[in-house]
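Coordinate analysis (summary)
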Amino acid sequence: MAGIGFEALNVALVLSAYSAIVYLLAIKRNSDRLLKSAQRAVYAWSALITLAAISLFYSLFTRDFQVEYVAQYSNRALSWFYTAAAFWGGQAGSLLFWAWLLAIFSFIVLEQNKKRDPERLPYVMIVMSVATLFFLYLLVFKSNPFQKLPFTPMDGKGLNPLLQNPQMVFHPPTLYLGFVSATVPFAMAFAALLTRNLDMMWLRSIRNWSLFAWLFLTIGNVLGMQWAYVELGWGGYWAWDPVENSSLLPWLTLTAFVHSLMVQEFRGMLKTWNIVLIMLTFALTIFGTFVTRSGLISSVHAFGVSDLGPLFLGYLAIIVISTIVLILNRLPILKSKDAMDSWSSRESSFLLNNMLFIALTVGVFIGTVLPSISEAMNGEKQTVSVEFFNRMATPFGLVIFFLIGLGTLLSWRKTQAADLKKRLWLPIAAAVAATVFFVATGIRAVMPLISLWVAVFAFVAIIVSFVEHVVLFSKREGVNPFMAVGKLVMKNKRRYGAYIVHLGVLMMFLGFIGSSAFSVEQTATLDKEETIKAGGYEIRYMGIESWTEGDVDIYSGRFDIYKKGRFVSQLRSEKHQHPNFQPSTEVGIRTTMKEDIYVILAGFEVVSQRATVTVLINPMMFWMWFGGIVMVAGTLLTFVQYKPKSR
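In this text, all values refer to a predicted model and were calculated from it rather than measured experimentally.

Some details on the overall build of the protein chain
When its secondary structure is counted, the protein chain shows 20 helices and nine strands. At 27 Å, the protein chain has a C-alpha radius of gyration in line with the 26 Å of a compact globule built from 647 residues. By principal-axis analysis of the C-alpha atoms, the protein chain measures approximately 85 × 80 × 55 Å. For the protein chain, the residues scored as buried account for 55% of the 647 residues in total. Considering only contacts in the protein chain between residues 6 or more positions apart, those separated by 24 or more positions represent 71%. Counting every atom, the protein chain has about 28,200 Å² of accessible surface; 63% of that belongs to carbon and sulfur.

A look at the environment of Ala 239
Along the chain, the position of Ala 239 falls in the loop between helix 9 (200–231) and helix 10 (242–267). Sequence separation between Ala 239 and Ala 228 is 11 residues, and the spatial gap between their C-alpha atoms is 9.1 Å.

Some remarks on the pattern of salt bridges
Inspection of the entire model under this criterion finds eight salt bridges. The closest approach of N and O atoms between Arg 120 and Asp 117, which form a salt bridge, is 2.9 Å. When its relative accessible area of 1% is taken as the criterion, Arg 120 is described as buried.

A few points about the sheet that holds strand 4 (residues 552–563)
Taking strand neighbours across the sheet as the criterion, the five strands line up as 2-3-4-5-6 in an open arrangement whose pairing is antiparallel. Every interior strand has two partners, whereas the edge strands, strand 2 (531–534) and strand 6 (584–586), have only one. Averaged over all adjacent pairs, the angle separating strand axes in this sheet is 30°, with direction ignored. For strand 3 (residues 537–549) and strand 4, the ladder comprises 11 bridges, and the chain directions are antiparallel. Residue Thr 548 lies in a different strand from strand 4, and its bridge partner there is Asp 553.

Here's the deal with a nonpolar patch on the surface
Taken together, the side chains of Met 1, Ile 4, Leu 51, Ile 54 and Tyr 58 make up a nonpolar region of the molecular surface, amounting to roughly 450 Å² of accessible area. Among the elements that take part in the nonpolar patch, helix 2 (residues 32–61) stands out by supplying three residues, more than any other. Mapped onto the fold, Tyr 58 is located in helix 2.

Structural notes on the packing of helix 15 (residues 386–409) against helix 17 (residues 446–477)
Viewed as axis vectors pointing N to C, helix 15 and helix 17 meet at an angle of 20°, and their least axial separation amounts to 7 Å. The angle between helix 15 and helix 17 places the two elements in the roughly parallel class. Judged by the sense of rotation from one axis to the other, the crossing of helix 15 with helix 17 is left-handed. Only Met 447, Ile 450, Ser 451, Trp 453, Val 454, Phe 457, Ala 458, Ala 461, Ile 462 and Ser 465 of helix 17 make contact with helix 15, whose side of the interface consists of Thr 394, Leu 398, Phe 401, Phe 402, Ile 404, Gly 405, Leu 406, Thr 408 and Leu 409. Its residues assigned to classes, the contact of helix 15 with helix 17 comprises 14 nonpolar, five polar and no charged.

Comments concerning the nonpolar core
One broad trend across soluble globular proteins is that nonpolar side chains are buried collectively. Ranked by size, the top nonpolar core spans 175 residues in total, and within it Phe 87, Phe 135, Trp 202, Ile 275, Met 279 and Phe 312 carry the most contacts. Contacts of Phe 87, omitting those with residues within four sequence positions, involve Ala 53, Leu 56, Phe 57, Leu 60, Tyr 69, Gly 93, Ser 94, Leu 96, Phe 97 and Trp 100. Judged by nonpolar contacts, the second largest core, of 17 residues, contains Ala 534, Tyr 537, Ile 561 and Val 615.

Overview of the sheet that holds strand 1 (residues 520–526)
Taken in spatial order, the four strands line up as 1-9-8-7 in an open sheet, and their pairing is antiparallel. This sheet does not close on itself; its edge strands, each paired only once, are strand 1 and strand 7 (588–591). Taking the axes of each pair of neighbouring strands and ignoring which way they run, one obtains an average angle of 15° across the sheet. Of the pairings in the sheet, the one linking strand 7 to strand 8 (residues 595–604) comprises four bridges and is antiparallel in character. Bridge pairing in strand 8 places Arg 590 opposite Ile 597.

Calculation criteria
- Residues numbered from 1 in each chain as written.
- Predicted model: local features only at pLDDT ≥ 70, side-chain atom pairs only at ≥ 80, totals over all residues.
- Heavy atoms only, no water.
- Helix = DSSP H or I, 4+ residues; strand = E, 2+ residues; numbered from the N terminus.
- Rg over C-alpha atoms; globule rule 2.2 N^0.38 Å.
- Buried < 20%, exposed > 50% of the residue type's maximum accessible area, 1.4 Å probe, protein only.
- Contact = heavy atoms within 4.5 Å.
- Areas by Shrake-Rupley, 256 points an atom, 1.4 Å probe, with all protein chains shown as cover.
- Salt bridge = Lys/Arg side-chain N within 4 Å of Asp/Glu carboxyl O.
- Pairing = 2+ DSSP bridges.
- Axes fitted to C-alpha atoms, helices over the stretch in contact; angles between N-to-C directions.
- Patch = residues over 30% accessible without salt bridge, like charges linked within 9 Å, V, L, I, M, F, W, Y side chains within 5 Å.
- Parallel < 35°, antiparallel > 145°, perpendicular 65-115°, else oblique.
- Left-handed = near helix turned anticlockwise from the far one by under 90°.
- Nonpolar A, V, L, I, M, F, W, Y, C, P; charged D, E, K, R; others polar.
- Core = buried A, V, L, I, M, F, W, Y, C linked by side-chain atoms within 4.5 Å.

Pasting the structure below:
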């Protein structure tokens with residue numbers, strides 16, 4: 001089966017090149033016959049890549065250890081759940097997964113647009129074919145997932161224990177769904193520029209695909225944060241690691257794009273911004289793959305040193321240069337007919353939002369690549385600390401969160417001063433009252449108080465705006481306010497889906513504030529039945545137990561949690577010893593809506609039962625993960641029955 005998979009990739013490579021060339025000829029000669037031939041080629045290479053993906057799954061589940069990839073990333077003790085995850089657990093498999101998603105999306109785009117958008121479709125498919133060709137080249141010539149060993153081992157090495165976590169089963173594929181689907185709006189933007197046609201059909205198509213990419217980038221990033229929190233055993237969720245940053249960068253630019261696309265739809269403005277943002281997003285997804293596969297940037301998440309870095313860098317250079325040339329050539333058709341009427345308008349808040357997101361993107365990008373650039377220039381790797389990222393991102397983030405609330409209160413074109421004052425007084429009053437309350441409870445640090453003020457202001461602003469709409473709708477339709485809520489949301493799912501997303505963002509913001517500003521950490525070396533105190537809790541260490549599961553030796557520390565002398569819960573924190581990998585930590589976590597109790601078994605002695613224990617009390621963590629769920633729910637609502645407004 002492995003041989004079939006590799007041959008399928010070889011034929012798909014040829015057909016992807018064929019489809020790109022024949023589409024180009026079909027455009028030049030205006031030939032329906034060539035057009036249909038190119039379409040059939042896309043169907044064929046999509047099917048062949050799917051066959052290759054099935055072949056790798058088959059090799060993994062049948063334990064074909066003669067296939068080097070199977071022997072490297074699975075073994076007989078691995079459950080079916082994590083055997084499936086081994087597909088994307090290594091470099092070659094993840095590249096095949098990327099190519100497979102490209103094939104699926106290419107098939108969908110072709111089916112969606114054969115009749116709906118025949119003018120731009122050939123250009124879109126050329127871009128999709130070339131992107132697929134690049135990844136197929138890597139698979140066939142550089143990173144073959146079907147490479148066979150000269151012998152058949154009795155068993156494989158197994159999947160890295162750090163990846164044997166439910167979040168890591170779903171985190172990579174959801175992140176890849178976001179990365180790869182960003183190819184589609186890029187291809188559509190490229191096609192729109194080539195055909196000089198940026199009409200409402202283009203807006204609708206590119207918006208839906210961009211929202212799809214944004215949705216899965218969001219899910220992937222949140223799952224990655226949760227994995228880091230529960231699996232890496234350090235008590236945090238974001239360390240500004242280069243690979244973490246590489247998944248954040250396209251999310252930032254795509255978030256800006258989704259917002260400013262509304263301005264183009266309603267006002268016909270920010271066309272250049274939108275083209276730049278979507279093309280920058282695609283370039284950053286390729287940069288992300290470069291980061292994880294080049295070996296030039298050190299990261300716990302990277303695949304290690306390989307020879308793929310120059311190829312990705314070359315591909316990235318082609319993307320950037322070609323898009324810059326095309327944008328400069330098409331600047332006349334990107335000029336807006338309308339001008340900004342007032343800075344007290346929704347479109348002006350979106351423009352400022354764009355500027356902030358771009359500034360934040362540039363800051364994160366510089367911090368990510370600076371160590372490698374400094375090493376290349378003077379031979380010394382300049383370290384960029386977490387503190388640099390925090391100090392750089394905090395002011396941008398605060399203004400962005402403030403704009404979430406303010407933008408909700410602004411009208412299109414211009415907001416009258418009297419109306420703005422009327423809408424602002426309650427959010428400001430609520431934020432001030434909350435700040436006074438926080439100070440009264442003992443909070444004195446300036447930055448946490450500012451952050452909490454912004455969070456309360458934005459939250460209340462969204463509620464005020466929604467209540468205002470409900471009251472007006474209730475009076476106009478003659479229904480009671482409670483019935484008006486459901487009818488209003490269902491009538492304008494896009495607007496109120498965005499409100500829900502913003503509320504989810506603010507919930508995550510509360511999680512950021514609580515865990516970063518108010519976290520408590522204590523470390524102690526304890527004998528059995530000794531206690532460590534943290535954040536009003538007493539954590540009593542009850543000793544170490546050990547057992548073996550499969551090929552893993554497990555050492556489990558038991559902890560009884562008390563508060564004011566009352567038993568609250570029992571937690572276990574474990575160390576796992578693996579035959580082929582370094583030990584891993586399984587932390588004990590008790591989550592409430594108020595805070596997490598997070599217990600790490602840092603070290604231990606089985607004979608003496610002495611253990612070194614770290615306890616963290618992380619406030620508001622529940623709201624971070626719940627906020628992610630709310631963001632997803634709001635995004636899904638915006639997909640329902642979207643109809644663009646005509647100008």
